[in-house]
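# Residue-level structure breakdown
In case you want the letters, here they are:
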Amino acid sequence: MASSSSAPLRVLTGITPSGTPHLGNYVGSIRHSVRQSVAPGVESFFFLADYHALIKVQEPALIQRSTLEIAASWLACGLDPERVTFYRQSDIVEITELTWFLTCVTGKGVLNRAHAYKAQLDKNIAKGEDPDADVTAGLFMYPVLMGADILMFNAHKVPVGRDQVQHIEMARDMAQRFNHQYGEHFTLPEAEIDDAVATLPGLDGRKMSKSYGNTIAMFAPRAQLQKQIASIVTDSRAPGEPKDTEGSALFQIYQAFATAEETEALRKAYADGIGWGDAKQMLFERIDLEVAPLRERYEALMNDPAQIERILLIGAEKARKLSRPFMAELRHAVGLRNLAAGRDKGGARKAAKVAKPSFKQYRERDGLFYFKLLDAHGTALLQSRGFASPQEAGRAIAALQQQRGAALATLAEQLEPVGPEELRAAKEALEALAETTTSTNGS
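Let me begin by describing the structure that accompanies this report. If you're wondering where the values come from, they're calculated on a predicted model, not measured in any experiment.

## A short note on the environment of Glu190
- Relative to the assigned elements, Glu190 resides in strand 5 (residues 190–192).
- When the C-alpha atoms of Glu190 and Lys210 are compared, they prove to be 26 Å apart, with 20 residues separating the residues in sequence.
- Not counting the four nearest positions on each side in its chain, Glu190 is found in contact with His156, Lys157, Val158, Ile168 and Arg172.
- A distance of 2.8 Å separates a polar atom in the side chain of Glu190 from a polar atom in the side chain of Lys157.

Here it is as structure tokens:
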């Protein structure tokens, strides 16, 4: 589904409620997303991915508590539920139905390549165990559920860490496969990464993650925050010895909160031999400067869970005003229809006989120009990559019309890859289009 130049840019973000939110969540997702949500021309969707939590958390009380904490965190950080669509994943029943639709068009080979699944297999093999030990269908199907989260609302952009880019690529693949089979319904999403804060290091220098137990709690009391920062692992260089910023978790965390000037000041202090205790105090004060005002709002929200529940239910209803009719459209597209709502008396088949393949040329939000080759039913057979000008796209279309199958090889780098079946259908459509053009010119 090509986006209109006048339509708002849809941005969708989610966090899995599987633990207490930490500073990695804040600088890698929440802060950036909340700021973006107030940008003009942006339509933002925020959700609590509680279905995803079930894959790795079997403690009901923990999921409930974490959902509350993450909702309160986003609201405390300035998320305006009046301005955005803020909802709990499990309140949108259409997401699970769409997950099944996408399951039916997603190749197992695609899911075999998912990082989380492969990591578990590699771990099992290294231990000499069955490769699929402790691998649930939930873990294996995680990318499909994530694809449904994104495609349900036809998000254009999905802010993620670099380690999640693969899931966005998989969602694009699912959208393309569905669109090819059933017509244009889904926008192809794109990952959005802020390279400066895509991944925040934790206390031990590895990526800050609940699974590593190396996090700094987002709204820890001031004394606890200071204690956690004091435990960041550093090297043995004494005060007065120059220190490297490269690979320093302490410096990277500071950089994620500080201005460019503040960062340069700490860089100079490293070179001048600042003591680790003084550097950690600087980091604590800089983080607390930003977090302290938010902490007060967070604590008030945590003391009023009923208010958060009301906000989420209102957000769910707002989301379902989009998901309900869209799901009805998708059900009709795949053939799940009211049997008494009229029968096809051949009109569609007659229309198909006189219809012909066609090219559709359009401009996307990235400023580039694209085209698609559609069959007689409007199903996309070929999807181009972006061209800098409409003239370049037009020349590629002309080559396909004139050279047909031969042009598919010469233009391969300018076209999205397709499988053998799709390639054969595209060649047949180009031949049919040529025959139609020839007969029209000869009449």
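## Focus on unusual backbone geometry
- Although it is not a glycine, Asn154 adopts a positive phi angle of roughly 45°.
- Considering the arrangement of structural elements, one finds Asn154 in the loop between helix 7 (137–151) and strand 4 (157–159).
- One non-glycine residue, Arg404, lies in positive phi territory at about 50°.
- You can see Arg404 is positioned in the loop between helix 15 (390–403) and helix 16 (405–410).

## Examining the sheet that holds strand 8 (residues 380–383)
- Strand order in the open sheet formed by three strands is 6-7-8, with antiparallel pairing between adjacent strands. Across the chains shown, the open sheet's two edge strands, defined by having one partner strand only, are strand 6 (358–363) and strand 8. Between one strand and the next, the sheet's axes are offset by a mean angle of 25°, whatever the strand orientation.
- The pairing of strand 7 (residues 369–374) with strand 8 spans three bridges and is classified as antiparallel. Bridged to Leu374 within strand 8 is Ala380.
- Running at roughly 165° to strand 6, helix 15 makes contact with strand 6 and strand 7 of the sheet.

## As for the packing of aromatic side chains
- Across all of its chains, the model carries 16 aromatic pairs by this definition.
- Their ring planes at 15° and their centres at 5.7 Å tell us that Phe47 and Tyr87 sit as a pair that is stacked. Note that Phe47 is positioned in strand 2 (residues 42–48) and Tyr87 in strand 3 (residues 85–88), a separation of 40 residues in sequence. Comparing Phe47 with Tyr87 shows no difference in burial state: the two are buried.
- Consider the rings of Phe359 and Phe371, whose centres lie 5.9 Å apart with planes at 70°: the pair is edge-to-face. Taken together, the residues Phe359 in strand 6 and Phe371 in strand 7 connect sequence positions 12 residues apart.
- Given a relative accessible area of 18%, Phe359 falls into the buried group.
- Assessed through its relative accessible area of 0%, Phe371 is described here as buried.
- Between the NZ or CZ atom of Arg31 and the centre of the ring of Phe257, over which it lies, the distance is 5.4 Å.
- Looking at Arg206, its charged tip hangs above the ring of Tyr212, at a distance of 4.1 Å from the centre.

## Topic: the pattern of salt bridges
- Tallied over the full model, the rule gives 22 salt bridges.
- Residues Arg65 and Glu69 are paired through a salt bridge, measuring 3.0 Å at the closest nitrogen-oxygen approach. Highlighted residues: Arg65 and Glu69, both in helix 3 (residues 60–76), separated by four residues, approximately one helical turn.
- Taking relative accessible area as the criterion, Glu69 reaches 7% and is therefore assigned buried.
- Close ionic contact of Asp204 with Arg206 constitutes a salt bridge, the shortest N to O distance being 2.9 Å.
- When its relative accessible area of 32% is taken as the criterion, Asp204 is described as partly exposed.
- For Arg206, a relative accessible area of 41% gives the class partly exposed.
- Via salt bridges that share partners, Arg88, Asp91 and Glu309 belong to a single interconnected network.

About the thresholds
- Residues numbered from 1 in each chain as written.
- Predicted model: local features only at pLDDT ≥ 70, side-chain atom pairs only at ≥ 80, totals over all residues.
- Heavy atoms only, no water.
- Helix = DSSP H or I, 4+ residues; strand = E, 2+ residues; numbered from the N terminus.
- Contact = heavy atoms within 4.5 Å.
- Polar contact = N/O pair within 3.5 Å; in protein donor to acceptor, adjacent residues only side chain to side chain.
- Pairing = 2+ DSSP bridges.
- Axes fitted to C-alpha atoms, helices over the stretch in contact; angles between N-to-C directions.
- Phe/Tyr/Trp six-rings, centres within 6.5 Å; stacked < 30°, edge-to-face > 60°.
- Buried < 20%, exposed > 50% of the residue type's maximum accessible area, 1.4 Å probe, protein only.
- Lys NZ or Arg CZ within 6 Å of the ring centre and 35° of its normal.
- Salt bridge = Lys/Arg side-chain N within 4 Å of Asp/Glu carboxyl O.

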